[in-house]
Amino acid sequence: MDIENLERLIRGRRSIRQWKKGEVPDELLKKAVELATWAPNGGNYQGWRFIIVKRKEIIEKMADAVQSVANRIASWPEAISWQEDVNRYQKNASFFRGAPACIGVFASEYQSPMDRVLVARESFDREAKKILGFRRSAPTTIQSAAAAVTTMLLVFHGMGLGAVWLVSPIQAKKEIEAILKIPSNMKLICLVAVGYPGESPRRDRKPVEQVMEFVY
Ligand SMILES: Cc1cc2nc3c(=O)[nH]c(=O)nc-3n(C[C@H](O)[C@H](O)[C@H](O)COP(=O)(O)O)c2cc1C
């Protein structure tokens, strides 16, 4: 692929939150996940797992769990301070129930050899504890899964599918892990809802000069 086509793919992808009814073929879902596993990842540990849910009742169950937590948060008195935004979040909390497929992205924690040394010392060495804190502030496990999800979204777009990365379902982490029968060493990172796009939203980006600088 030349750079112009790559640029078109990257610029053309948008988060899609409405889908047509049609089913997404297993081969496309499998191919997107397979390509996602070629993403860079910490230590090439590949501690990720992708659960592709196509059964409507299971997607509904996950959506109900997320909606129920969103309703609870919105009912707390503190929500009044941000009422309008909270109402909007509550209203949109489970829109992914309309997706033909929903991929649960899970990961087991990656520990580099440095992490192991730091963990062994953290209880009695303040410096080791501080450095471990730095490492934990930018977890490799999550960065690796994010690289895979980014790759997956681009592949879906290249296939003519429309997907959205969903972190808000983490509010119902335990419920989703139970619904999908995930072993306790694997943690929910996010969901990716996907189908044939039923909308073509436009979104902008800040000019790159606003977010970039060179250091010579
Ligand atoms: C880490 C991450 C978490 C996100 N979580 C949600 C989410 O919970 N719900 C949602 O509707 N969109 C979510 N999105 C999608 C963003 O809202 C979207 O990428 C952003 O608004 C830019 O739009 P675009 O993807 O169409 O360019 C998430 C995106 C990222 C990268």
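Heads up: the structure comes first, above all this text.
Worth saying up front: this structure is predicted, and the values here are computed from it rather than measured.

Chemist: Quick question: what am I supposed to make of the overall build of the chain here?
Modeler: Regarding its fold elements, the chain presents 9 helices and 4 strands. Each helix (α) and strand (β) of the chain, taken in turn from the N terminus, gives the series α-α-β-α-α-β-α-α-α-β-α-β-α. Across its three principal directions, the C-alpha atoms of the chain cover 55 × 50 × 40 Å. Expressed as a percentage of the 216 residues in the chain, the buried residues total 37%. In the chain, once contacts between residues fewer than 6 apart in sequence are set aside, the share between residues at least 24 apart is 82%. Approximately 14000 Å² of the chain is accessible, and the part contributed by carbon and sulfur atoms is 55%. Positive and negative charge centroids in the chain, built from 33 and 24 side chains respectively, lie 3 Å apart.

Chemist: Sorry if this is basic, but what is going on with empty space enclosed by the protein here?
Modeler: Within this structure, the stated rule accounts for 1 cavity of 30 Å³ or more. The volume enclosed by the largest cavity comes to roughly 70 Å³. Among the residues making up the lining of the largest cavity, the classes are represented as 4 nonpolar, 7 polar and no charged.

Analysis parameters
Residues numbered from 1 in each chain as written. Predicted model: local features only at pLDDT ≥ 70, side-chain atom pairs only at ≥ 80, totals over all residues. Heavy atoms only, no water. Helix = DSSP H or I, 4+ residues; strand = E, 2+ residues; numbered from the N terminus. Buried < 20%, exposed > 50% of the residue type's maximum accessible area, 1.4 Å probe, protein only. Contact = heavy atoms within 4.5 Å. Areas by Shrake-Rupley, 256 points an atom, 1.4 Å probe, with all protein chains shown as cover. Lys, Arg positive; Asp, Glu negative; His and termini not counted. Charge placed at Lys NZ, Arg CZ, Asp CG, Glu CD. 1 Å grid on protein atoms, 1.4 Å probe; cavity = no way out; pocket = protein on both sides within 12 Å on 5 of 7 lines; lining within 4 Å. Points joined across faces, edges and corners; volume = space filled by probe spheres on them. Nonpolar A, V, L, I, M, F, W, Y, C, P; charged D, E, K, R; others polar.

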